[in-house]
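Chain by chain, the residues run as shown.
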Amino acid sequence: MLAETKFAAEPLARPALGEPYLLTPGPLTTAYSVKQAMLRDWGSWDGDFRDMTSDMRRRLLALTGDAKGEFDCVPMQGSGSFCVEAMLGSFVPKDGKVLVLANGAYGLRAAQTMQYLGRAYTLIDKGDYLPPRGDEVAAALEADPAITHVIAIHCETSSGILNPVAEIADAVHAKGRKLLVDSMSAFGAVALDVNEIRYEAMVSSANKCIEGVPGFGFIIARKSELEAAKGRSHSLSLDVHAQWAHMNKTGQWRYTPPTHVVAAFLEALRQHEAEGGVAGRGARYSRNRDVMVAGMRELGFETLLRDRWLSPIIVTFFNPAHANFAFDRFYELMKEKGFIIYPGKLTVVDSFRVGCIGQMDEHVMRRVVEAAAQSLKEMGVDTAAPPAAAIAERAKLAA
């Protein structure tokens, strides 16, 4: 059974412009006040904007539980992948070696990034169904003393799996290595407390669980690691140390910042705090998942993952086996009803994904299920049960 979460008493406001809900893991549906925050222009060098940047960095650090002042926050222009590359290129020495933990597209992208960086790495690839576990990581580190760093994906959104970062962190720390965390789609809704989980740096993005809009990401790292990163980066614009040093000296970003996006993000951070921070945001997303998954299963849909690995971020469903089901048609019918879903990224079976994050609550998720039921009816699909081969594959790989 999925975990019980607090019942949402008051529905959230619908999108003010009537746009469809984005059932995606970012970009996502944002509050109208977040959009409104972008209506003013800001000078990137001006003291008011420097104060906004400082406030944003302080608020983000507070979400990590860093009470000792051991960490700092470095915002970085660009998409999430820009920031992952910045983290890897800045914190892994040129003669270092990374153990990449992959169970989906984003772990594999980290490995591809290491190829582009021309730095040594090795890979544990668990496929689409299973998380990397602490004992596997410990064994790999024991077998290869050359490994200096491990990178783990907190929530692998290609499948929706929430990886066990805490046990991975314990294994990495016990072997005297350093953990880097891609928490792109989890930070802000799933705890990543530095007092409980040992990591050297993590990266996330404005347009995920904080519910801002796309335009920048941020790296939160130990100050000791930031200091050691000087001169390591392969890139002028993605040099985390240079951005950090310049920002601390001048209060400014090195290059033109996404000023409107920062203003929107600050409003999103205020709303995040008002909702109860990480715990409050995570509770709403978990309830979204529970209500949506239960309803979809009543229609016959099957989740890719067992309940224990289902994240509160996004859920992957197998495509129905029915001859009349075509994903492209299902997508368009769902969009007509006000919901944009996400295509699947699995290689073994056909699937699609439904996000649980953004300005949505359980009332919206019930409407998602109703829209799915109506769309199936319009397609002439009387059951959403997946192919037997999909269930057999899941049983084989996730036993």
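Check the entry above for the structure.
What comes next is a walk through the structure. (Residues numbered from 1 in each chain as written. Predicted model: local features only at pLDDT ≥ 70, side-chain atom pairs only at ≥ 80, totals over all residues. Heavy atoms only, no water.)

## Considering the sheet that holds strand β10 (residues 216–222)
Reasoning step 1: Across the sheet, 7 strands lie side by side as β2-β10-β9-β8-β5-β3-β4; this open sheet has mixed pairing. Two strands in the sheet have a free side with no partner beyond their single neighbour: β2 (71–77) and β4 (120–125). For this sheet, the mean inter-axis angle between neighbouring strands, taken without regard to orientation, is 20°.
Reasoning step 2: Taken strand by strand, helix α6 (residues 165–174) contacts β3 (97–102), β5 (149–153) and β8 (178–182), and its axis lies near 160° from that of β8. (Pairing = 2+ DSSP bridges. Helix = DSSP H or I, 4+ residues; strand = E, 2+ residues; numbered from the N terminus. Axes fitted to C-alpha atoms, helices over the stretch in contact; angles between N-to-C directions. Contact = heavy atoms within 4.5 Å.)

## Some remarks on the layout of surface pockets
Reasoning step 1: Put simply, the largest pocket is a space of about 390 Å³.
Reasoning step 2: Gly80, Ser81, Tyr106, Met184 and Lys208 are the residues nearest the centre of the largest pocket, which is lined by 25 residues in total.
Reasoning step 3: Of all the elements in the fold, those that place two or more residues in the lining of the largest pocket are α3 (80–91) and α4 (105–117).
Reasoning step 4: If one sorts the elements of the lining of the largest pocket by residue count, α4 sits on top with 4 residues.
Reasoning step 5: Taken together, the residues of the lining of the largest pocket break down into 10 nonpolar, 12 polar and 3 charged. (1 Å grid on protein atoms, 1.4 Å probe; cavity = no way out; pocket = protein on both sides within 12 Å on 5 of 7 lines; lining within 4 Å. Points joined across faces, edges and corners; volume = space filled by probe spheres on them. Nonpolar A, V, L, I, M, F, W, Y, C, P; charged D, E, K, R; others polar.)

## Regarding the environment of Asp48
Reasoning step 1: Assignment of secondary structure puts Asp48 in helix α2 (residues 47–62).
Reasoning step 2: Given the relative accessible area of 42%, Asp48 is considered partly exposed.
Reasoning step 3: A C-alpha to C-alpha distance of 40 Å links Asp48 and Pro164, two positions 116 residues apart in sequence.
Reasoning step 4: Apart from residues no more than four positions distant in its own chain, Asp48 is found in contact with Arg40 and Trp42. (Buried < 20%, exposed > 50% of the residue type's maximum accessible area, 1.4 Å probe, protein only.)

## Observations concerning the pattern of salt bridges
Reasoning step 1: Taken as a whole and judged by the stated rule, the model has 23 salt bridges.
Reasoning step 2: A salt bridge links Asp55 to Arg58; the shortest N-O distance between them is 2.6 Å. On the criterion of helical spacing, the pair formed by Asp55 and Arg58 is a turn pair, its members being 3 residues apart in helix α2.
Reasoning step 3: Here Glu225 ties to Lys178 by a salt bridge, and the two come within 2.8 Å at their closest N and O atoms. Of this pair, Glu225 sits in helix α7 (residues 223–228) while Lys178 sits in strand β8, placing them 47 residues apart in sequence.
Reasoning step 4: Residue classification places Glu225 among the buried residues on the basis of a relative accessible area of 7%.
Reasoning step 5: Here Lys178 falls in the partly exposed class, since its relative accessible area comes to 31%. (Salt bridge = Lys/Arg side-chain N within 4 Å of Asp/Glu carboxyl O.)

## Here's the deal with the pairing of β4
Reasoning step 1: As paired elements, β3 and β4 share 6 bridges and run parallel to each other. Directly across from Leu99, in β4, lies its bridge partner Thr122.

## Some points on the pairing of strand β11 (residues 314–318)
Reasoning step 1: In terms of burial, β11 is a largely internal element, 5 of the 5 residues being buried.
Reasoning step 2: Burial of β11 is two-sided: the residues Ile314, Thr316 and Phe318 facing one way and the residues Val315 and Phe317 facing the other way are all buried.

## Examining the sheet that holds strand β13 (residues 342–343)
Reasoning step 1: Here we have 3 strands laid out as an open sheet, ordered β11-β14-β13, and antiparallel in their pairing. Every interior strand has two partners, whereas the edge strands, β11 and β13, have only one.
Reasoning step 2: Of the pairings in the sheet, the one linking β11 to strand β14 (residues 351–355) comprises 5 bridges and is antiparallel in character. When the sheet's bridge partners are listed, Phe318 is paired in β14 with Ser351.
Reasoning step 3: Strand contacts of helix α10 (residues 277–298): β11 and β14, with the helix running at about 10° to β11, the strand carrying the most contacts.

## As for α3
Reasoning step 1: End to end, α3 covers 16 Å across 12 residues, agreeing with the expected 16 Å (1.5 Å per residue, within 8%).
Reasoning step 2: With 9 of its 12 residues buried, α3 lies for the most part within the structure.
Reasoning step 3: Regarding α3, the residues found buried are Gly80, Cys83, Val84, Ala86, Met87, Leu88, Gly89, Ser90 and Phe91. (Expected span 1.5 Å × (residues − 1).)

## Looking at the side chain of Gln359
Reasoning step 1: Along the polypeptide, Gln359 turns up in the loop between β14 and α12 (362–379).
Reasoning step 2: Only 2.8 Å separates the side chain of Gln359 from the side chain of Glu211, close enough to count as a polar contact.
Reasoning step 3: Once residues lying within four places of it in the same chain are set aside, the contact partners of Gln359 are Leu12, Tyr21, Thr29, Thr30, Ala31, Glu211, Gln271 and Arg284. (Polar contact = N/O pair within 3.5 Å; in protein donor to acceptor, adjacent residues only side chain to side chain.)

## Remarks on the packing of aromatic side chains
Reasoning step 1: Under the definition given, this model contains 14 aromatic pairs.
Reasoning step 2: With centroids separated by 6.1 Å and ring planes inclined at 55°, the aromatic side chains of Phe327 and Tyr331 adopt a geometry described as tilted. Here Phe327 and its partner Tyr331 are both found in helix α11 (residues 327–336), 4 residues apart, which amounts to about one turn of the helix.
Reasoning step 3: Residue classification places Phe327 among the buried positions, given a relative accessible area of 15%.
Reasoning step 4: Within the aromatic cluster, the residues linked to one another by ring pairs are Phe301, Phe317, Phe325, Phe327, Phe330, Tyr331 and Phe352.
Reasoning step 5: Its end group placed over the ring of Trp42, Arg40 keeps NZ or CZ at 4.0 Å from the ring centre. (Phe/Tyr/Trp six-rings, centres within 6.5 Å; stacked < 30°, edge-to-face > 60°. Lys NZ or Arg CZ within 6 Å of the ring centre and 35° of its normal.)

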